[in-house]
Amino acid sequence: MVYNRKRKVAGSYFVSTLSIALVLVVVGALVFILLNTKKISDHVKQNIGFSIIVKDNINEAEIKRVQKIIDTKPFVSSSMFISKERAAREFKKELGEDFETVLGYNPLLPSIEIKLNPVYANNDSLALIEKSLLKNEIIQEVSYQKSLVQMVNENVRRISLILLMAGAVLLLISFTLIRNTIHLAVYSQRFLIKTMQLVGAKSFFICKPFIQNGLWFGFFGSMFANMLLLAAIYFLQKETDGVVDLMNKELLIVMVLFVTICGVLLSFVSSWMSVTRYLSKDLNDLYN
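Just so it is clear, the model here is predicted, and its values are computed rather than measured.

### Here we look at the pairing of strand β3 (residues 111-116)
Alignment of strand β1 (residues 49-54) against β3, held across five bridges, turns out to be antiparallel. Within β3, the position partnered with Ser51 by the bridge is Glu113. Summarising the sheet, strand β2 (residues 76-82) and β3 pair through six bridges and their orientation is antiparallel. Residue pairing in the sheet places Val76 in a bridge with Leu116 of β3.

Structure, rendered in structure tokens:
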């Protein structure tokens, strides 16, 4: 009989831990998506750039000297010098015709192609950068697509907002599910809780073992959830043949820490709320 009771308790603990783990898998998956959305967003913004058009008849050495100065600026991720000759070759390739033969000269100007740091990939920052660069006497024009920059930023903001809202709703649902899971585990002990209270046990003394159990539920549940998530990410990375880099150590550490903290914290709050609920009830109410 004692053996059956132990099996029952162990089974209850396993079901509670598994239930919490499955909820945390969904939370972890969303966190992983959010973290990679930021990474993808930064990658897209990093590919936003602009062209610094240099005045004609400026020698290459002077242009490269200015390029080195620009490279020290915080808004620059990378830069590349495009000579008149290279610009002509690329334009001919795109056009499919030799425009120099028709015109009799090369009308294209040398330029410095700049790739931006993600933080500066917005129209306000670009306007200030443009104003600053045009002070240099060898620069004729700063060219970039304002509509493209605005569209990228609007889409990134929209997607981030949707994911954050989904995350908030999911956290609320997760808390409710974990609370219900732990509440069911505490429910079977409600008469024991009330008996301890009636014989004079302090609230902290009564709550302590239930909160400890809740913390263990949350901890082991989060460990199981993290193992499932890491295995899923590993196999997904393998299936994509490294086309998408999902095994970023920093992002994975953040995900694992978030899932662990979330599991332990939500379990702690749920345990405390469930026990105090029965402490505040009359004995007759426990039969309902």
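From this point on, the discussion continues.
### What about the confidence of the model for the protein?
On average, the protein scores 77 in pLDDT, and the residues at 70 or more come to 85%. For the protein, helix α4 (residues 99-103) is the element with the lowest average pLDDT, namely 69, and helix α2 (residues 60-71) is the one with the highest, namely 88. Across residues 1-6, where pLDDT falls below 50, the model places zero contacts with residues more than four positions away in sequence or in other chains.

### Remarks on the side chain of Asn226
Among the structural elements, Asn226 can be located in helix α8 (residues 203-239). When near neighbours in sequence (up to four residues on either side) are disregarded, Asn226 contacts Met255, Val256, Val259 and Thr260.

### Quick notes on the side chain of Ser222
Secondary-structure assignment places Ser222 in helix α8. Here Ser222 falls in the buried class, since its relative accessible area comes to 0%. Beyond its immediate sequence surroundings of up to four residues, Ser222 is in contact with Leu24, Val259 and Thr260.

### Section: α2
Across its 12 residues, α2 extends 16 Å between first and last C-alpha, which sits within 8% of the 16 Å expected from 1.5 Å per residue. Listed as buried for α2 are Ile63, Val66, Gln67 and Ile70. In an axial view of α2, the angular spread of the buried residues amounts to 105 degrees, which keeps them on one side of the axis. For α2, exposure combined with an orientation more than 90 degrees from the buried face picks out Ala61 and Lys68. Where α2 is buried, its residues meet β1, β2, β3 and α5 (123-133). The N-capping residue of α2, defined by a side-chain oxygen 3.3 Å from the backbone nitrogen of Ala61, is Asn59.

So, how was this worked out
Residue numbers here run from 1 along each chain, matching the order of that chain's written sequence. Reporting in this predicted model follows two pLDDT cut-offs: at least 70 for local features of residues, and 80 or more for side-chain atom pairs to be given and counted; totals over whole chains, interfaces and linings ignore these cut-offs and use all residues. Processing note: side-chain calculations cover all non-hydrogen atoms of the structure and skip hydrogens and water entirely. Strand pairing requires that DSSP identify at least two bridges connecting the strands. Strands here mean DSSP runs of E at least two residues long; helices mean DSSP runs of H or I at least four residues long; both are numbered from the N terminus. pLDDT expresses, on a scale from 0 to 100, how confident the predictor is about each individual residue. We call two residues contacting when some pair of their heavy atoms lies within 4.5 Å. Using a 1.4 Å probe on the protein chains alone, a residue whose accessible area is under 20% of its type maximum counts as buried, one over 50% counts as exposed, and one in between counts as partly exposed. Under the convention used throughout, the expected extent of a helix is 1.5 Å for every residue step, that is, one less than its residue count. The directions from the helix axis to the C-beta atoms are what the arc is built from. Two N or O atoms form a polar contact when they lie within 3.5 Å of each other; inside protein one atom must be a possible hydrogen donor and the other a possible acceptor, and for residues adjacent in sequence the pair counts only when both atoms belong to side chains.

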